[in-house]
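Here are the chains, one letter per residue:
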Amino acid sequence: IEQIGDDNLASITQDGAPSSIAEIKQTGDDNEASIAQSGAGNEAYITQIGSQNLAAIDQSGVQGYAFIQQNGIGHHASITQTGGSGNSATIYQSN
């Protein structure tokens, strides 16, 4: 977790998630991000540049890939990957 700015919130939870990767980068103020992983071999990345953005990734499948990038103010995004294997999802938001 990397945070630059004020009043940012970030959490990463890995429960029974061997070989999984999670990364949150926040630049700005009042951003909120969370990643929860309970499957094996998952990758999750959240990048927030701006203010008042909200992002969440929940992975319980196997070998999933999820990426959220938010540039600007007031974006909301979430990705949920449950069951299955090799799922991929990407969200880009900008204003």
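See the structure shown above.
Residues numbered from 1 in each chain as written. Predicted model: local features only at pLDDT ≥ 70, side-chain atom pairs only at ≥ 80, totals over all residues. Heavy atoms only, no water.

Attention now moves to the sheet that holds strand 4 (residues 32-37). An order of 2-4-6-8 is seen for the four strands of this open sheet, with the pairing classed as parallel. Edge positions in the open sheet fall to strand 2 (9-14) and strand 8 (76-81), since each of these has one partner strand only. Across the sheet, the mean angle from the axis of one strand to that of its neighbour is 0 degrees, orientation sign disregarded. Summarising the sheet, strand 6 (residues 54-59) and strand 8 pair through six bridges and their orientation is parallel. Residue pairing for strand 8: L54 is matched across the bridge by H76. (Pairing = 2+ DSSP bridges. Helix = DSSP H or I, 4+ residues; strand = E, 2+ residues; numbered from the N terminus. Axes fitted to C-alpha atoms, helices over the stretch in contact; angles between N-to-C directions.)

Take the pattern of salt bridges next. If charged atoms from side chains of opposite charge come close, those side chains can pair. Per the stated rule, a full pass over the model turns up one salt bridge. A salt bridge links K25 to E23, with the nearest nitrogen and oxygen atoms 4.0 Å apart. The exposure class assigned to K25 is partly exposed, which follows from its relative accessible area of 34%. The class for E23 is partly exposed, based on a relative accessible area of 32%. (Salt bridge = Lys/Arg side-chain N within 4 Å of Asp/Glu carboxyl O. Buried < 20%, exposed > 50% of the residue type's maximum accessible area, 1.4 Å probe, protein only.)

We now examine the packing of aromatic side chains. Using the criterion set out here, one finds two aromatic pairs in the structure. On the numbers, 6.0 Å between centres and 50 degrees between planes, the contact of Y45 with Y65 is tilted. One end of the pair, Y45, is in strand 5 (residues 43-51); the other, Y65, is in strand 7 (residues 65-73), and 20 residues separate them in sequence. The exposure class assigned to Y65 is partly exposed, which follows from its relative accessible area of 30%. (Phe/Tyr/Trp six-rings, centres within 6.5 Å; stacked < 30°, edge-to-face > 60°.)

Sheets are built from strands that pair by backbone hydrogen bonding, the pairs being arranged parallel or antiparallel. Strand order in the open sheet formed by five strands is 1-3-5-7-9, and the pairing between neighbours is parallel. Edge strands, defined here as strands with exactly one partner in the open sheet, are strand 1 (2-4) and strand 9 (88-94). Adjacent strand axes in the sheet meet at a mean angle of 0 degrees, parallel and antiparallel pairs treated alike. Two elements, strand 3 (residues 21-29) and strand 5, share nine bridges in a ladder whose sense is parallel. Its bridge partner lying in strand 5, T27 is registered against I49.

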